[in-house]
Amino acid sequence: MSITPQLLVHVNDPELGLLGYLAIDSFIGNKAYGGIRVKISDDPHDEANPAEAAHLAREMSLKFGFHKIPWGGAKSVIVLPPNLIQEQRDNYFMAFGRQLSPLLQKDLLQIGMDMGMTGRDLHILGQGAGLILSHYPPPSGLEKNDSGRFTAIGLIETFNVLRDFCSLTDRPLTCTLEGFGSVGSHLAQYLLEMNVKLVAVSTLSGGIYQSEGLDAKQLVSLQAEYGDNLVNHYAGAKRIKKEDMYTQKVDILFPCGGLFSIHAGNVDHLQCRFVIAGANCAMDADCAERLHNRGIGYIPGFAANAGSVLKNYVAKQERTNHMDILERRVREFFGQRVEQLLEESKKNNLSICEQAVNIARNNIREMSRQSVDEKSSMRRRIISLWKR
């Protein structure tokens, strides 16, 4: 399914050539927000790159809409050649920021970190855009990024509400996890604390399975040392193909990897009861409908994985960086939003995914109308003052 964003920019640099793409799916209040995703490829002209930016920008619009955050949705994809040294990588991010500076300096576009990006990258990009560096702290202040932790908090609160709503409290639950990066590693630790049995994990290097449950602490330790290759160093687990992770008979599947990891080729083989997406665009609408028809509930990423976005929004609105306060507020937000979603889905006899899309689109329309009304009110006030 193709997506046509409101604005799709090919970001070019006179010396480095095509750097990547910016997709803006929507503006609300003349603003759009979205992270920058890093791809490593020899071919920045691959048509999959702008398509990825467009799909992710649409997901951001739905995410902000579902959670009633008055921002438009955007996403950037920067395509880096393989095996860059640090100085060369810095040059690419400096150039990317320089080309986006007209939008960034006028605050029409706000950016954040996404997959593959570091705090240093964001700082260098901010320098290239000529932004006030207090908004883009130096690398030491951003290398330890809370984005993955807060995304995992959103996922675990979604799980908590779903478990209680569906009365899944009579026994310990089982789950599988696709992807073990920043989000997956934090999520595994939260699941351990809640006595949820994580029986299978997959990464780009393969998968592992253990019926009695994997040790989250060992997984986190191995991930820090070996990255995706942790699956080849975990002792005592059965090695499986990463595709086989989807076919395990469990209560919850958490896809936290790349785009459309659940697709026409594997969707009919899923054996879980629910899918809670940690990844953006984990599947398309057709796959979601096929799961619904089989009695498998799907909570899409724009509803479930917005913990980091909500944290940033609350921090701005309430002018606080106290992590305890932010975590409490994020958990409260998710409890309210997900409970509303499940109740309305049941009341309207719609799939969870379809109801989530309806909520998001209704909120987007309302926020857009309010934005227009606020501009009209401001314009009238200015005219009134001028006439005096």
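Preceding this section is the structure that the text describes.
In what follows, the accompanying structure is described. This one's a predicted model, so the numbers in the text were calculated from it and none came from an experiment.

1. Quick notes on the sheet that holds strand β11 (residues 274-276)
Then comes step 1: The strand order across the open sheet built from seven strands is β9-β8-β7-β6-β10-β11-β12, with neighbouring strands paired in mixed fashion. Every interior strand has two partners, whereas the edge strands, β9 (238-240) and β12 (297-299), have only one. Strand after strand, the sheet turns through a mean of 20° between neighbouring axes, direction not considered.
Then comes step 2: Relative to strand β10 (residues 252-255), strand β6 (residues 174-178) runs parallel, the two being bridged by four bridges. Bridge pairing in β10 links Cys-175 to Ile-252.
Then comes step 3: Each of β6, β7 (197-203) and β10 is contacted by helix α6 (residues 182-193), which is oriented at about 170° to β6, the strand it contacts most.

2. Observations concerning helix α5 (residues 147-165)
Then comes step 1: Spanning 19 residues, α5 covers 27 Å between terminal C-alpha atoms, matching the ideal 27 Å at 1.5 Å per step.
Then comes step 2: When you tally the buried positions in α5, you get 15 out of 19 residues, the bulk of the element.

3. Some thoughts on the nonpolar core
Then comes step 1: Ranked by size, the top nonpolar core spans 64 residues in total, and within it Leu-177, Leu-187, Leu-219, Phe-254 and Ile-276 carry the most contacts.
Then comes step 2: Counting residues per element, this core draws most heavily on α5, at eight residues.
Then comes step 3: Contact partners of Ile-276, with chain neighbours within four places excluded, come to Leu-155, Thr-158, Phe-159, Leu-162, Ile-252, Leu-253, Phe-254, Pro-255, Ile-299 and Ala-304.
Then comes step 4: Core analysis: the second largest hydrophobic core is formed by 25 residues, Leu-22, Ile-24, Leu-122 and Ile-124 among them.

4. Some points on the packing of helix α10 (residues 307-318) against helix α11 (residues 323-348)
When two helices pack together, their arrangement is given by the angle between the helix axes and the distance between those axes.
Then comes step 1: At a minimum axis separation of 9 Å, α10 and α11 run at an interaxial angle of 120°. For the element pair α10 / α11, the angle class is oblique. You can see that α10 and α11 cross each other, and the crossing is right-handed. Contacts between α10 and α11 involve Gly-307, Leu-310, Lys-311, Val-314, Ala-315 and Glu-318 from the former and Ile-325, Leu-326, Arg-329, Val-330, Phe-333 and Phe-334 from the latter.
Then comes step 2: The residue makeup of the contact of α10 with α11, split by class, is eight nonpolar, one polar and three charged.

5. Some remarks on the pattern of salt bridges
Then comes step 1: All told, the structure shown has 20 salt bridges when counted by the stated rule.
Then comes step 2: A salt bridge links Arg-149 to Glu-327, with the nearest nitrogen and oxygen atoms 3.0 Å apart. You can see Arg-149 sitting in helix α5 and its partner Glu-327 sitting in helix α11, a full 178 residues away along the chain. Of the two residues, Arg-149 and Glu-327, neither departs from the other in class, the shared state being buried.
Then comes step 3: Arg-331 is the partner of Glu-157 in a salt bridge, and the nearest nitrogen-oxygen pair spans 2.5 Å. Taken together, the residues span a long stretch of sequence, with Glu-157 in helix α5 and Arg-331 in helix α11 at a distance of 174 residues.
Then comes step 4: The exposure class of Glu-157 is buried, given its relative accessible area of 13%.
Then comes step 5: When salt bridges with common partners are traced through the structure, they connect Asp-146, Arg-149, Glu-157, Glu-327 and Arg-331 into a single cluster.

6. What about the pairing of β6?
Then comes step 1: A large share of β6 lies buried, amounting to five of its five residues.
Then comes step 2: The two faces of β6 match: Thr-174, Thr-176 and Glu-178 on one face and Cys-175 and Leu-177 on the other face are all buried.
Then comes step 3: Sheet topology note: the β6/β7 ladder contains five bridges and is parallel. Across the sheet, the residue bridging to Leu-177 is Val-201, located in β7.
Then comes step 4: Handedness of the crossover is the feature at issue here: the chain leaves β6, passes through α6, returns alongside β7, and the resulting connection is right-handed.

7. With respect to the side chain of Gln-355
Then comes step 1: Along the chain, the position of Gln-355 falls in helix α12 (residues 352-387).
Then comes step 2: Residue Gln-355 is classed as buried on the basis of its relative accessible area, which comes to 4%.
Then comes step 3: A polar side-chain atom of Gln-355 sits 3.2 Å from a polar atom in the side chain of Glu-344.
Then comes step 4: The residues contacting Gln-355, other than those within four sequence positions of it, are Leu-341, Glu-344, Ser-345, Asn-348 and Leu-350.

8. Comments concerning α10
Then comes step 1: Helix length check: α10, at 12 residues, gives a terminal C-alpha distance of 16 Å against a target of 16 Å (1.5 Å per residue), a fit within 8%.
Then comes step 2: Of all the residues in α10, the buried ones are Gly-307, Ser-308, Val-309, Leu-310, Lys-311, Tyr-313, Val-314 and Ala-315.
Then comes step 3: Next to the buried residues of α10 lie α1 (48-66), α5 and α11.
Then comes step 4: Positioned one or two residues after α10, Arg-319 has a phi angle of 50°, which is positive.

Conventions we followed
Residues numbered from 1 in each chain as written. Predicted model: local features only at pLDDT ≥ 70, side-chain atom pairs only at ≥ 80, totals over all residues. Heavy atoms only, no water. Pairing = 2+ DSSP bridges. Helix = DSSP H or I, 4+ residues; strand = E, 2+ residues; numbered from the N terminus. Axes fitted to C-alpha atoms, helices over the stretch in contact; angles between N-to-C directions. Contact = heavy atoms within 4.5 Å. Expected span 1.5 Å × (residues − 1). Buried < 20%, exposed > 50% of the residue type's maximum accessible area, 1.4 Å probe, protein only. Core = buried A, V, L, I, M, F, W, Y, C linked by side-chain atoms within 4.5 Å. Parallel < 35°, antiparallel > 145°, perpendicular 65-115°, else oblique. Left-handed = near helix turned anticlockwise from the far one by under 90°. Nonpolar A, V, L, I, M, F, W, Y, C, P; charged D, E, K, R; others polar. Salt bridge = Lys/Arg side-chain N within 4 Å of Asp/Glu carboxyl O. Right-handed = clockwise from strand over helix to strand, strands pointing away. Polar contact = N/O pair within 3.5 Å; in protein donor to acceptor, adjacent residues only side chain to side chain.

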